[in-house]
Number of protein chains: 2
Amino acid sequence: MQLLLIHSDYIEYEVKKSTPVAEKIEESFKQGRLEEALTAFMAVESFDEADPQQVVERAVAEIEKVAVQVKAESVMVYPYAHLSSDLSSPKVAVSVLKSIEKELSGKYNVMRAPFGWYKAFSISCKGHPLSELSRTIRPEESATCGEAVVVEEKKDEVVSEALKAESTAKS
Amino acid sequence: MQLLLIHSDYIEYEVKKSTPVAEKIEESFKQGRLEEALTAFMAVESFDEADPQQVVERAVAEIEKVAVQVKAESVMVYPYAHLSSDLSSPKVAVSVLKSIEKELSGKYNVMRAPFGWYKAFSISCKGHPLSELSRTIRPEESATCGEAVVVEEKKDEVVSEALKAESTAKS
Ligand SMILES: [Mg+2]
């Protein structure tokens, strides 16, 4: 996931036109505005499909950390495909975005902009040093990669044992 | 280079604080605003150092192409480091940004936001299908890779000639 966090005086959006991957939305979801918000522009990536739940948790942790630092009580979850050239499937993206919205909802005034729509938007970035931050979030290595590393370690052990044996044989 | 083009009702910025790589700027450069502008957020990348002039030309071509499509007469050149995790040196970045500003200046009302400053900014994106576009620009492969491609083409010709010969022999 690519995450761009902007501490905003305001953020507002209005849907203009659906794309072929547009989320079905209620009328009330077609526009939104938050004042004094942390805007979280995010692109869910193909890497994230290996463990979407972990990515949700780590994204939420990052957003919360920055929200505390800048003292933001509102969060706008805003899908932003242009942050990555290696996107996840739309299905995973929507699921991740909804989960992030849900996880933050207890503690913050949260709004989510709909996925897959052309949207007009306006934003004002405050400009202080913490008002623009970007993060790359990747799931920790999947089982396959993890095992690969373990295999490598085992090979090292084997070599080490072989060298010990050779050394013993020579002595 | 990573390029994010936003067709904007307005874009405005105001410098807030210098960073260690801040460009030295005149008072008049500390804030700016354009109406009905194509905003070009850009991150100059390490790849671009291989041929900055080529990257300038290709970025200018992309910006002009979109400016014509959306009928924008103003362009804001806006450094945006958060679009990449593999940035060029600040020196190359400033040089590329200034060159892009200069190349566009004959044909458009151009403004450039200063490099290396924390800035407050406000933008309104129009939301039509061409109002948000992203591009990755890389210098074309160096001589080595270019030659490799040519070799590949020659191989195709050789195969094609061989097939023709075979076909002739059979008939
Ligand atoms: Mg305004």
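Look up: the structure comes first, before these words.
Now for a description of the structure that goes with this document. (Residues numbered from 1 in each chain as written. Chains lettered and ligands numbered in written order. Predicted model: local features only at pLDDT ≥ 70, side-chain atom pairs only at ≥ 80, totals over all residues. Heavy atoms only, no water.)

Side-chain pairing between opposite charges can occur once the charged atoms of the two side chains come close. Residue and element names in this part refer to chain B. The final tally for this structure, using the stated rule, is 22 salt bridges over all chains. Notably, a salt bridge pairs Lys-30 with Glu-27, separated by 3.3 Å at the nearest N-O pair. For Lys-30, a relative accessible area of 28% translates into the label partly exposed. Since its relative accessible area comes to 61%, Glu-27 is described here as exposed. A salt bridge links Glu-64 to Lys-107; the nearest nitrogen and oxygen atoms lie 3.1 Å apart. Of the two residues, Glu-64 sits in helix H1 (residues 52-70) while Lys-107 sits in the loop between helix H2 (90-105) and strand E4 (109-112), which places them 43 residues apart along the sequence. The class for Lys-107 is exposed, based on a relative accessible area of 58%. (Salt bridge = Lys/Arg side-chain N within 4 Å of Asp/Glu carboxyl O. Buried < 20%, exposed > 50% of the residue type's maximum accessible area, 1.4 Å probe, protein only. Helix = DSSP H or I, 4+ residues; strand = E, 2+ residues; numbered from the N terminus.)

Below, the discussion takes up the interface of chain A and chain B. Interface size is often expressed as the accessible area that is lost when the parts come together. Each side of the interface is counted separately: chain A has 23 residues, and chain B has 23 residues. The interface formed by chain A and chain B contains 0 salt bridges. The interface formed by chain A and chain B includes 12 residue pairs in polar contact (both at pLDDT 80 or more). Elements represented by at least two residues in the side of chain A that touches chain B include exactly strand E1 (2-18), strand E5 (117-125) and strand E6 (132-136) of chain A. The greatest single-element share of the side of chain A that touches chain B, amounting to 8 residues, is contributed by E5(A). The pairing of E5(A) with strand E5 (residues 117-125) of chain B spans 5 bridges and is antiparallel. Residue Ile123(A) lies in a different strand from E5(B), and its bridge partner there is Ile123(B). (Contact = heavy atoms within 4.5 Å. Polar contact = N/O pair within 3.5 Å; in protein donor to acceptor, adjacent residues only side chain to side chain. Pairing = 2+ DSSP bridges.)

Turning our attention to empty space enclosed by the protein. Counted by the stated rule, this structure contains 1 cavity of 30 Å³ or more. In this structure, the largest cavity occupies an estimated 150 Å³ of space. Lining the largest cavity we find 14 residues, and of these Leu4(A), Phe41(A), Leu4(B), Ile6(B) and Phe41(B) sit closest to its centre. At the level of elements, E1 and E5 of chain A together with strand E1 (2-18) and E5 of chain B are the ones that each hand at least two residues to the lining of the largest cavity. (1 Å grid on protein atoms, 1.4 Å probe; cavity = no way out; pocket = protein on both sides within 12 Å on 5 of 7 lines; lining within 4 Å. Points joined across faces, edges and corners; volume = space filled by probe spheres on them.)

This part is about H2(B). An α-helical segment advances 3.6 residues per turn. Residues three or four places apart therefore align on the same side. An ideal rise of 1.5 Å per residue puts 22 Å on 16 residues; H2(B) measures up with 22 Å between its terminal C-alpha atoms. Close packing links the buried residues of H2(B) with strand E2 (31-43), H1, strand E3 (74-79) and E4 of chain B. (Expected span 1.5 Å × (residues − 1).)

Another point: unusual backbone geometry. Positive phi, normally seen in glycine, also occurs at Lys71(A), with a value near 60°. Along the chain, Lys71(A) turns up in the loop between helix H1 (52-70) and strand E3 (74-79). On the basis of relative accessibility, which here comes to 72%, the residue Lys71(A) falls in the exposed class. With a phi angle near 50°, Glu36(B) is a residue other than glycine that sits in the positive phi range. Among the structural elements, Glu36(B) can be located in strand E2.

After a rotation of 180° and a shift along the axis of 0.0 Å, chain A superposes on chain B with an RMSD of 0.0 Å. Overall, the copies show the geometry of a two-fold rotation axis. Considering only C-alpha atoms, the residue of chain A closest to the rotation axis is Ile123(A), which sits at 2.9 Å. Both copies present the same face, since 100% of the interface residues in chain A are matched by interface residues at the equivalent positions in chain B. (Least-squares fit on C-alpha atoms with pLDDT ≥ 70 in both.)

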